[in-house]
Amino acid sequence: MNKTVEVLPDLPALVARALDLILSKLEAAIKERGQFTIALSGGSTPKPLYEAISKQNLPWDKIHVFWGDERYVPPDHSDSNELMARRAWLNQVAIPAANIHAMPTLSADPAVDAAKYEKHLQEFFNSAPGNFPALDVVLLGMGDDAHTASLFPHTEALNVSDRLITVGNKDGNPRITFTYPFINAARCVLFAVAGANKRPALAQIFAPVADDFAYPSRLIKPQGELLWLLDAAAGLEIKP
């Protein structure tokens, strides 16, 4: 794992840096493999990043978009991560519909939809069951409880290490989420974290010793690059 921590002056600077990194990864991936695969995160921090990506002139037909997690709501629901990304980015550009790989949420059974998305990923990456394909970039946020994707402290999803996708749980509400080993298979994991309320969690994430199941972002140790982008408020006590 190649880990880098950068503390940026403010959220616009963080977004600009994240955009630069994603564009460089995109260019390299398309040059090397003919396509670029990215998993998106929800929350408020990435929205301006998606808006910035939408303004770029990119080879949209070579870009495939996935989601690292999704609330178990219909895709037109105001809480949907898919809806936010479509409004901020995907609806604004000429990306083929087949390149948008949204998590299914309509079967009334999260476990069924999690299995369906896993099968779709295996088919897309031509990956055998039990293997963990590598996305080019997995974009992650982090909550003030140190959760990432829908991997919440002391929940069953943290014990799942033999699948790509599982059911997460937030206060009794199901979500669909990447498992941590699938995230860790990525070529690059990019955390974008802003706000002073994240400082206590970050202190535990970067501590030499702490409980991974209490602070799930500690489980993210990718085989490729691990990039932490923090704004000044979040990163005040972090020594890059």
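Residues numbered from 1 in each chain as written. Predicted model: local features only at pLDDT ≥ 70, side-chain atom pairs only at ≥ 80, totals over all residues. Heavy atoms only, no water.

Under the annotation held in an unreviewed UniProt entry, the chain carries the name 6-phosphogluconolactonase and is attributed to Anabaena cylindrica. On record in UniProt, under Pathway (unreviewed entry), the comment for the chain is "Carbohydrate degradation; pentose phosphate pathway; D-ribulose 5-phosphate from D-glucose 6-phosphate (oxidative stage): step 2/3." Recorded under Sequence similarities (unreviewed entry), the UniProt text for the chain is reproduced unchanged: "Belongs to the glucosamine/galactosamine-6-phosphate isomerase family. 6-phosphogluconolactonase subfamily." (UniProt positions renumbered as here; feature names shortened; annotations may be inferred.)

What follows deals with the UniProt feature "domain: Glucosamine/galactosamine-6-phosphate isomerase" (unreviewed entry) in the chain. According to UniProt, the feature "domain: Glucosamine/galactosamine-6-phosphate isomerase" (unreviewed entry) maps to residues 12–228 in the numbering used here. The distance from the first to the last C-alpha atom of residues 12–228 is 15 Å, and the span holds 30% helix and 18% strand. (Helix = DSSP H or I, 4+ residues; strand = E, 2+ residues; numbered from the N terminus.)

All right, on to the side chain of His 147 then. Among the structural elements, His 147 can be located in the loop between strand E5 (137–140) and strand E6 (165–170). There is a polar contact of 2.6 Å between the side chain of His 147 and the side chain of Asp 145. Dropping the residues within four chain positions of it, His 147 is found in contact with Gly 141, Met 142, Phe 152, Pro 153, Pro 216 and Ser 217. (Polar contact = N/O pair within 3.5 Å; in protein donor to acceptor, adjacent residues only side chain to side chain. Contact = heavy atoms within 4.5 Å.)

Across the sheet, six strands lie side by side as E1-E9-E8-E5-E2-E3; this open sheet has parallel pairing. At either margin of the open sheet sits one strand with a lone partner, and together these are strand E1 (2–8) and strand E3 (63–67). Averaged over all pairs of adjacent strands, the angle between their axes in this sheet comes to 15°, without regard to strand direction. Where E5 lies against strand E8 (residues 188–193), three bridges are found, and the strand directions are parallel. Bridging across to E8, Leu 140 finds its partner in Phe 191. (Pairing = 2+ DSSP bridges. Axes fitted to C-alpha atoms, helices over the stretch in contact; angles between N-to-C directions.)

This paragraph deals with the pairing of E6. In this structure, E6 lies alongside strand E7 (residues 173–178), joined through six bridges in antiparallel fashion. Directly across from Thr 166, in E7, lies its bridge partner Thr 177.

A word on the layout of surface pockets. Taken as a whole, the largest pocket encloses approximately 440 Å³ of empty space. In this structure, the largest pocket is lined by 26 residues; those nearest its centre are Gly 42, Gly 43, Ser 44, Gly 141 and Met 142. Looking at the lining of the largest pocket, the elements with two or more residues in it are strand E4 (69–71), E5 and E8. Considered as a void within the structure, the second largest pocket measures approximately 160 Å³ in volume. Met 1, Lys 3, Ile 205, Phe 206, Ala 207, Ser 217, Arg 218, Ile 220, Lys 221, Leu 226 and Trp 228 are the residues that line the second largest pocket. (1 Å grid on protein atoms, 1.4 Å probe; cavity = no way out; pocket = protein on both sides within 12 Å on 5 of 7 lines; lining within 4 Å. Points joined across faces, edges and corners; volume = space filled by probe spheres on them.)

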